[in-house]
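# Examining the three-dimensional arrangement
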Amino acid sequence: MSIDPRLFPKRVTYSALLTVNVFVFMGNMYSSGIAVGFESLATDLHLPFAKLSELITYSVLAMGLSNLIWMPLALIFGKRPIVLISMAMFLGGVIWSAVAKDFNSLLASRVFASFGYGSIESLGPSILAGNYTPIVVILALTCLDLFYERNYSSAMAIYAAFLSGGSQIGPVIAGYLIEAKGWRWFFILCAIIAAVNLITTLFLLPETLYEVEPEPEFVNDIEKDVHSHVETVTRSDTRTEGRAKMDYHSYWKGLWSFEISKKAKDKGVIKHFAYLFILPFPLLLIPGVLIASAMYGVILGAVVIISTIAPDVFSPPPYLFSSADLGLFTFSSFVGIVIAAPIAGPLTDRLSRWLRTRNNGIHKPEHRLPALILPFLICPVGLIVFGYTVAHHQHYIRPAVGAAICAAGLTLVPSVMLSYVVDSYPRTSGEALVLVNASKNVVAFGLAKGSYSWMTMEGIEKMFYEFAGIEWAILFLALPLYIFGPYVRRRTQELF
């Protein structure tokens, strides 16, 4: 498009933000909510909880891998058409889930819908400058397109509310609905909201892919490729912030027109797609990116495992949880996230500034890593608390506290490691964050996929003790990264 999206009237920008945030809420509700209905599913499909857990784990995998496909497509064809296509794909998958006749059909529908939903994650890699902590977020790129830097935090606060609400409040809604009407009605509700959301997005989301004029000739061609892929996320805010007068005729006309990006026209669509698809993978050779993926994946895996095995743990005696009870138990994770969220970003930033002061005012990306001391101390302890209290059939409040402590890591760890990756490799940060976002889902899938067999073989108490040891080992990698990180960066920044 030829007009900077940040000049749209506020009613346009906030309408776009709201309609896409509803997609965020629905995707997370659909993905996580069905876990509370495992007992109903087990009765209808005559399958054990261990088999039903694949409905969660393969959904997580599909969401992660789709990042690698949707992002190149959005950079070629524009974000609006790709979001609309993915929303239609998600809606089709949800309807398919509601009418699925057997487990294989239901599983396929879940993978299909989750792959569609993953588009909203793949459009997220970006950097939020200033004191705002860089994160991989579903709407970050849209916010960068639509908002000036000083408004990012407000937009991200809205995003965070919808994201956490979908993952943690969604199962509460699902629990009561499944208990009253059955598991199919959960998917019917998701389909109704997704259909309304698709219609509103059709009219409220403008194209936000904004291509600036070509850079001067003296800029290195490789740097130009990289910067164009990261997509003007570093656009200067020094431009005059004059809101455009709303021309509804031009706005309406722009909704139904689309064009291929200039880079895709110059290089060819297939060739440019292949280039964009391959671009992130070499970054796995960077220790910092690899460790970030492992840390984020292990923390996410803990939350997914607790959500996946909760029906098997709390449905039988002595707990005898119903679907509604399981949904309320899941809400404990939301409490942990709410408590940790105000701490995560400021803790990382303040520690970084303090270490920079002690380093004669010279900043190093490694100054962010000491903030991992907090999740190192508490997150594995949360796993131990959960495993011990459940194994000894203690009051459900105690495992809920353990689950809340584990979930707190979902804000504490990414706020450190993703900002470290962005800080260390600013030229390829977009690609690095896409790769981390995809890899962490793969790691979480690997851990959660074997959770039932792991629990059967070791027992739930020993299993969570071992998982706590894995978390401690992975989080401990921050120490060698802090020591040797500057040397590694000097050797790799020339390549990346």
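Relevant structure appears above.
What comes next concerns the included structure. (Residues numbered from 1 in each chain as written. Predicted model: local features only at pLDDT ≥ 70, side-chain atom pairs only at ≥ 80, totals over all residues. Heavy atoms only, no water.)

## Some thoughts on the environment of Leu163
Which entries qualify depends on this criterion: A run of H or I in DSSP becomes a helix once it reaches four residues, and a run of E becomes a strand once it reaches two; helices and strands are each numbered from the N terminus.
Residue position: Leu163 is located in helix H9 (residues 152-181). Separated by 136 residues in sequence, Leu163 and Gly27 have C-alpha atoms that sit 8.9 Å apart.

## Description of the packing of helix H5 (residues 67-77) against helix H19 (residues 429-449)
Selection rule: Fitted lines through C-alpha atoms serve as axes, helices being fitted only where they are in contact, and the angles separating the N-to-C directions of these axes extend from 0 to 180 degrees. Angular relationships are summarised with four words: roughly parallel below 35 degrees, roughly antiparallel beyond 145, roughly perpendicular across 65 to 115, and oblique for the angles in between. Here a residue-residue contact requires only that any non-hydrogen atoms of the pair lie within 4.5 Å.
Across the interface, H5 lies against H19 with an axial gap of 9 Å and an inter-helix angle of 150°. With respect to their mutual orientation, H5 and H19 come out roughly antiparallel. Residues Asn67, Leu68 and Met71 of H5 form the contact with H19, whose own contacting residues are Val434, Asn437 and Ala438.

## Brief notes about the packing of aromatic side chains
Put simply, the rule is: Two aromatic rings, drawn from Phe, Tyr or Trp (for Trp, its six-membered ring), form a pair once their centres lie within 6.5 Å of each other, and the interplanar angle then sorts them: stacked below 30 degrees, edge-to-face above 60, tilted otherwise. Here's how the labels work: a residue is buried when its accessible area is under 20% of the maximum for its type, exposed when over 50%, partly exposed in between, all with a 1.4 Å probe on protein chains only. Counting as a charge over the ring demands two things of the Lys NZ or Arg CZ atom: a distance within 6 Å of the ring centre and an angle within 35 degrees of the ring normal.
According to the stated counting rule, one finds 25 aromatic pairs in the structure shown. Between Phe23 and Tyr117, the aromatic rings sit 5.6 Å apart at their centres with planes inclined by 85°, giving edge-to-face as the arrangement. Of this pair, Phe23 sits in helix H1 (residues 10-33) while Tyr117 sits in helix H7 (residues 103-122), and the two are 94 residues apart along the sequence. Here the two residues Phe23 and Tyr117 agree in accessibility, since each one is buried. Between Trp183 and Phe187, the ring centres sit 6.0 Å apart and the planes meet at 85°, which makes this aromatic pair edge-to-face. Placement of the pair is Trp183 and Phe187 together in helix H10 (residues 183-204), with a separation of 4 residues, close to one helical turn. Looking at Phe187, the relative accessible area reads 0%, which means it is buried. Within the aromatic cluster, the residues linked to one another by ring pairs are Phe23, Tyr30, Phe90, Tyr117, Trp183, Phe186 and Phe187. The lysine or arginine in question, Lys267, covers the ring of Tyr275, its NZ or CZ lying 4.4 Å from the ring centre. Here the guanidinium or amino end of Lys440 rests over the ring plane of Tyr296, the centre of that ring lying 5.3 Å away.

## Quick look at the pattern of salt bridges
The following threshold applies: Each reported salt bridge corresponds to a side-chain nitrogen of Lys or Arg within 4 Å of a carboxyl oxygen of Asp or Glu.
This model, assessed by the stated rule, comprises 6 salt bridges. Across the salt bridge formed by Glu54 and Lys449, the nearest N and O atoms sit 3.7 Å from each other. Linking Glu54 in helix H4 (residues 54-65) with Lys449 in helix H19, this pair joins segments that are 395 residues apart in sequence. Look at Glu54 and you get buried, because its relative accessible area is 12%. Exposure remark for Lys449: the relative accessible area of 32% places this residue in the partly exposed category. As a salt-bridge pair, Arg368 and Asp423 come within 3.2 Å of each other at their nearest N and O atoms. Taken together, the residues Arg368 in the loop between helix H16 (323-358) and helix H17 (373-391) and Asp423 in helix H18 (residues 397-424) connect sequence positions 55 residues apart.

## Digging into the packing of H5 against helix H14 (residues 269-278)
The criterion, for reference: The hand of a helix crossing depends on one turn: near helix anticlockwise from the far one by less than a right angle means left-handed, and clockwise means right-handed.
Between H5 and H14, the shortest axis-to-axis distance is 9 Å and the interhelical angle comes to 135°. Viewed along their axes, H5 and H14 adopt a mutual orientation that is oblique. The two elements H5 and H14 meet at a crossing, and its hand is right-handed. The residues of H14 that touch H5, namely those facing Leu68, Ile69, Pro72, Leu73, Leu75, Ile76 and Phe77, are Val269, His272, Phe273, Leu276 and Phe277.

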